[in-house]
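Overview (structure and organization)
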Amino acid sequence: MLEKNYRPDEIEQKHYEAWETSGVFSCGQRPDAQPYTIVIPPPNVTGSLHMGHALNNTLQDILVRYKRMKGFDVLWQPGTDHAGIATQMVVERQLAEQGETRHDYGREKFIEKVWKWKAESGGTITKQLRRLGASCDWSRERFTMDEGLSAAVQKVFVELFKAGLVYRDKRLVNWDPKLHTAISDLEVEQREVTGNMWYFKYPLEDRDGEYITVGTTRPETMLGDVAVAVHPDDERYRDLVGKNCILPLVGRKLIIIADDYADPEKGSGAVKMTPAHDFNDFEVGKRNNLKLINIFDASAVLNDNVPEDFRGLDRFDARAKVLAEMARLDLLDKIEENPMTVPYGDRSGVVIEPWLMDQWFVDAQRLAGPAITAVEQGETKFVPKNWENTYYEWMRNIQPWCVSRQIWWGHQIPAWFGPDGDIFVELDEAAAQTAARQRYGHDVELKRDPDVLDTWFSSALWPFSTLGWPEQTPEVKRYYQTDVLITGFDIIFFWVARMMMAGIHFMDEVPFHTVYIHALVRDENGQKMSKSKGNVIDPLELIESYGADALRFTLTAFAAQGRDVKLSTQRVEGYRNFCTKLWNAARFCQINGCHPVDGFDPASVQLTLNKWIVGKVTEAERAMSGAIDTYRFNEAASSIYQFTWNTFCDWYVEFAKPMLLGDDATARAETRATAAWVLDQILLLMHPVTPFITEELWNELSETRENPLIISAWPELSDGLINNDANEEMDWVVRLISHVRTIRSEMNVPPAAKIPLMLKDAGENAQRCLRTHGDLLKRVARLSKLEVLSGAVPPGAIQDVIDEATLILPIAEAIDLGEEKSRLDKEIGKQNGEIERFEKKLGNQKFVANAPDAVVATERQKLADARQTKEKLEEARARLAGLG
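Notes on the structure in this doc start here. None of these values were measured; they are calculated from a predicted model.

The rules behind the values
Residues numbered from 1 in each chain as written. Predicted model: local features only at pLDDT ≥ 70, side-chain atom pairs only at ≥ 80, totals over all residues. Heavy atoms only, no water. Axes fitted to C-alpha atoms, helices over the stretch in contact; angles between N-to-C directions. Helix = DSSP H or I, 4+ residues; strand = E, 2+ residues; numbered from the N terminus. Parallel < 35°, antiparallel > 145°, perpendicular 65-115°, else oblique. Left-handed = near helix turned anticlockwise from the far one by under 90°. Contact = heavy atoms within 4.5 Å. Pairing = 2+ DSSP bridges. Buried < 20%, exposed > 50% of the residue type's maximum accessible area, 1.4 Å probe, protein only. Right-handed = clockwise from strand over helix to strand, strands pointing away. Phe/Tyr/Trp six-rings, centres within 6.5 Å; stacked < 30°, edge-to-face > 60°. Lys NZ or Arg CZ within 6 Å of the ring centre and 35° of its normal.

Details of the packing of helix H17 (residues 548–557) against helix H18 (residues 569–591)
Packing of H17 against H18 brings their axes to within 8 Å, and their N-to-C directions diverge by 115°. The orientation of H17 with respect to H18, classified from their angle, is roughly perpendicular. Every pair of crossing elements has a handedness; the one defined by H17 and H18 is right-handed. For the pair H17 and H18, the contacting residues are Asp-549, Ala-550, Leu-551, Phe-553, Thr-554 and Ala-557 in the first and Arg-571, Val-572, Tyr-575, Arg-576, Phe-578 and Cys-579 in the second.

Describing the sheet that holds strand S23 (residues 512–518)
In sheet architecture, strand pairing relies on hydrogen bonds along the backbone and comes in two forms, parallel and antiparallel. Read across the sheet, 3 strands follow the order S15-S23-S22 without closing on themselves; strand pairing throughout is parallel. Because the sheet does not close on itself, it has two edges, and the strands there are strand S15 (381–383) and strand S22 (482–488). Mean inter-strand twist for the sheet, computed between neighbouring axes without regard to direction, equals 20°. Alignment of S15 against S23, held across 3 bridges, turns out to be parallel. Bridge pairing links Val-383 to Tyr-516 in S23. Running at roughly 160° to S22, helix H2 (residues 51–69) makes contact with S22 and S23 of the sheet.

Regarding the environment of Thr-181
On the secondary structure map, Thr-181 appears in strand S6 (residues 181–183). On a C-alpha basis, the gap between Thr-181 and Ile-407 in space is 6.4 Å, while along the polypeptide they are 226 residues apart. Leave out the neighbours within four places in its chain, and Thr-181 touches Ile-85, Asn-174, Trp-175, Asp-176, Arg-405, Gln-406 and Ile-407.

Things to note about the pairing of S23
For S23, the buried fraction is high: 6 of the 7 residues fall into the buried class. Direction of pairing for S22 relative to S23: parallel, over a ladder of 6 bridges. By the bridge assignment, Ile-486 is partnered in S23 with Tyr-516. With respect to chirality, the unit in which S22 leads through helix H15 (residues 492–507) into the neighbouring parallel S23 is right-handed.

Observations concerning the packing of aromatic side chains
Evaluation of the coordinates by the stated rule reveals 42 aromatic pairs. Ring centres of Trp-115 and Phe-143 lie 5.7 Å apart, and the angle between their planes is 75°; on these two criteria the pair is classed as edge-to-face. With Trp-115 in helix H4 (residues 107–121) and Phe-143 in strand S4 (residues 142–143), this pair connects stretches of sequence that are 28 residues apart. The class for Phe-143 is buried, based on a relative accessible area of 4%. Taking the centre distance of 5.7 Å and the plane angle of 75° together, the rings of Phe-493 and Phe-494 count as edge-to-face. An aromatic cluster of at least three residues, connected via ring pairs, comprises Phe-553, Phe-558, Tyr-575, Phe-578, Tyr-641 and Trp-645. In this structure, Arg-130 is placed above the aromatic ring of Trp-138, and the distance from its NZ or CZ to the ring centre is 4.0 Å. The ring of Phe-361 is capped by Arg-171, whose NZ or CZ atom sits 5.4 Å from the centre of that ring.

What about unusual backbone geometry?
Pro-384 follows Val-383 through a cis peptide bond whose omega is -5°. Residue placement: Pro-384 occurs in the loop between S15 and helix H10 (387–395). In the segment running from Trp-469 into Pro-470, the intervening peptide bond is cis, with an omega of 20°. Inspection of the secondary structure assignment puts Pro-470 in the loop between helix H13 (462–465) and helix H14 (474–479). Even without a glycine there, the phi angle at Ala-83 is positive, about 50°.

Here it is, written out as C-alpha cells:
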C-alpha cells in the first residue's frame, strides 16, 4: 500500500541507482532499432549545477526518455570539458594558499597536480546531473583531455595546418594581463561604465600654433600612436590629409590619413591610430600600411618602446602621468563624461588589453561557407527559427579564430620550431624530427610550442570525437550524425557554429539535424540571476526541498519557445503539489481496488464515463507526443497537467466514486480496470518529465510488471478509442458543473448551501444528460433539485447560457444581497486603486526609460490583471443588481 504522503527524498536516489546499475541508460541494446543520439553540452569539469544546466538537461532528458520508450536505440553521450583557464585557475589558487605558484613546479609536475585535482574533485557536476535525473549513458562518459579525444584534437590541428586552414600570424588578441594568456571573445565580459573622453591637441608639423584634436578613452595608448585618421569627406580636414602632426611626449611624426572608419559626427571627427592596441585601429592600419608599435609587456606594463620616463609603469599609472604631462603642456583640450563599455576578463576580473603577438589562427572564413549553406538548405534547422539569423550574422562576418592560449592545462599545440624558426606541425615529436631532418639534412634540436589550444577547439569536435573518431568505430558509423542539440543562445557563435564547421569538414555531414535554442532562466520578476543581485536560485536546494520531479516539471512548463523562464520557489512548490495530487489519486485508486488487469482492452468498455476517459487519454497522448516531437515542451507539460489534474483527478475520479463504491459488480469491475489502465497511461506519459514519482508508482501499483517504467513502451492508442457521443455527453456535464461552480464562487454562495438549478429551452442532448446524470450533477454541483423549466424565470435567480439552454440558479435566499453588494463594491474600489497606481507608474517616462524591460513588462501585466479582475467583479455586481 502506498504511503499516505509522497516523499521524493526517499525514492529518488533509490530509483536512480537502480536504473544506472541495471544498464537501462546504455545504448546498443536494440541493435535493430533506429538510433537516436544527443550529445550533452559538456559542462566545465570545475562546474556545479546551476539553473541553466537544470533547464538544458531536463529538456534533453525528456527527449531521451521519450525516444527510449518509443523503441529507439538511444545514446545520450555525456562528458565534461577540461575548461583550460578555469581549471588552471582553481589549482593555481590552491597553490597560492600554500605560498606557491605553478612555476615552482614546472609544466609537467603542475599538470600532474591538475590531473590529481580532476580525479578528486572533478566529478561534482556529473553527480549533480544524476540528482536531477539525467539518464545519460554514463558508461561512455568522455573528457576533452582523455586519450581518445586528445588524439582527435591532434589529428584535426595537423590536417587543418597541412590544408592551409591553420596558420601562425602576428595579430591583436584579447590579452589578459593577470592570467598572461589570450582569451576568446566569449571569455570577455563587457561592463557598462561611465568613463571619460579626453581630447588631446596634436601640433601640426610646420604650422606653428595649429593643432588637430583627437579624442581617446585610453590616454596611455597615445604613446603607441602612428597616425591620425579623418573621414575622406570631412571638409574640416581635407587639406590636412597626407600631412603630418607631431605626437606629444614622444616627438614622433604621425601621418594624417583619410579612412571611412573616422566618424565626422563623433567627437572631433579625428581619430588617433594605435594599431597595436585597438582592434579597429588594427584594421585601419592594415588598409593603410601603418606601422605597429607595441608599448606593453605581458603584464600591461609599459616597455622600452615608450619614452624612458614612462618605462616600467603600470598602464593606469602611465595614464595618470600622460594626463598630467599633457595638461602641463596645455595640450589637454577638454574632458567629457562618456558612457562606454570596458572589456574585462570574466575569470581574472581585470581590464583586457588588445595586444599584438604571434598566435595560431584557424581560417574560419573558408570553413564557414559550407556551414552557412547547410543551414540555408535545411540540413540543420534552428528551433525557434529566428536564431538562424543570429547564426548567419556571425558566420557571414566571421573573423580568423585565434586558437592558441598561453597556459599549461590543455592540448599542447603539436608544433615544433627549428633553429631558424621554421615550424613543423606533426602528430608527434618523432614525425616532427623526421620532417626537420628532411628540411635541414641532419638532426637538429626542436623546441615545442608551449601554447595550448583554446578549449572551444576540442569542443568543436565533440559530436564525433566522443564516438571514437579518428578511429572508425562502430559507434561513429551508427550514431553520427546526432539528432538534436539543445543549448543556449549565448554559444551559437562559439560552439554550435564551430561544431558545424568541424563536422562538415571532417565527417562530410552536419553534426545534427536540429538545434533547439532554449531561453534564459530568470527570477520571478524577469531579472537575470546574478550573485550581486542576490536573486540566484540554486537548483539543488529546490530539489532538496521539493524533489527533482517538481523542479523538472516547473522548468518544462515554462520552457516556451523564445520566451525566458521566470522561476520562483512558489512555482516549484505548485508543481510539487501536482505530484502530490497524482500520488493521492493513485492511492485512492489503490485503496478502491483499481489494480492493473492483464489483457485489459480499453476499446471494450461499455459505460459512457469509461468510454469518455479512454478517449481523453488518447487525446492527451496525441497532444503530448505532438508537442515533444516539435520541441514545444511547455505545451507537453500543459497537456499532461490538464489531463491529470483536471480530467482524471477532478472529474473522472469524482464521477467514478458511485460506481467504485456501488453494488453493481459489473460496473465496479469495469471502472476499476479502466481507472487502473488510465493511471498507467498517465505514468507512461508523465515519465519523460517526472521520472521518479512515475517509476515509484509504476512499481507500487503492480507486482507483475515485465519491465521498469523507464523502458516500458510509450502508449500506442488508436483513433477509434475516441468516442464522440461519450465526449459530447460527458463534456456537457463537466461544463454545466463548471458554470454552476463559477456562479457560486462569484456570488459567494456558501459551500454547504444547496441551491436549485433549472434549465430553460434545453435541447435533446441536455435533457438526456439531466436524466442520465441527474444524481451526479446534484452531488457534485451541490444542488437541491434539478429540473427543466417551461414557465417564467423565478425571482432572485442568476442566469447563464450553456449551448442552446439557459441555466437558471435562484440564489437570493442563499446569500445576503446587501452584504454581497457591499463586498463587491469594496473589491471594485480596491482594484480601481491598483489600476490607478500601475497607470501612474507606467505613465512615468523616467521609470519606463530606466527600469529593465522585464520589470516594465511585469508592471504592465499587473495592470492588465487588475483591469481583468475589475471587469469580472463588475459583471458579478451587475448580476446581483438584477436580483433586487
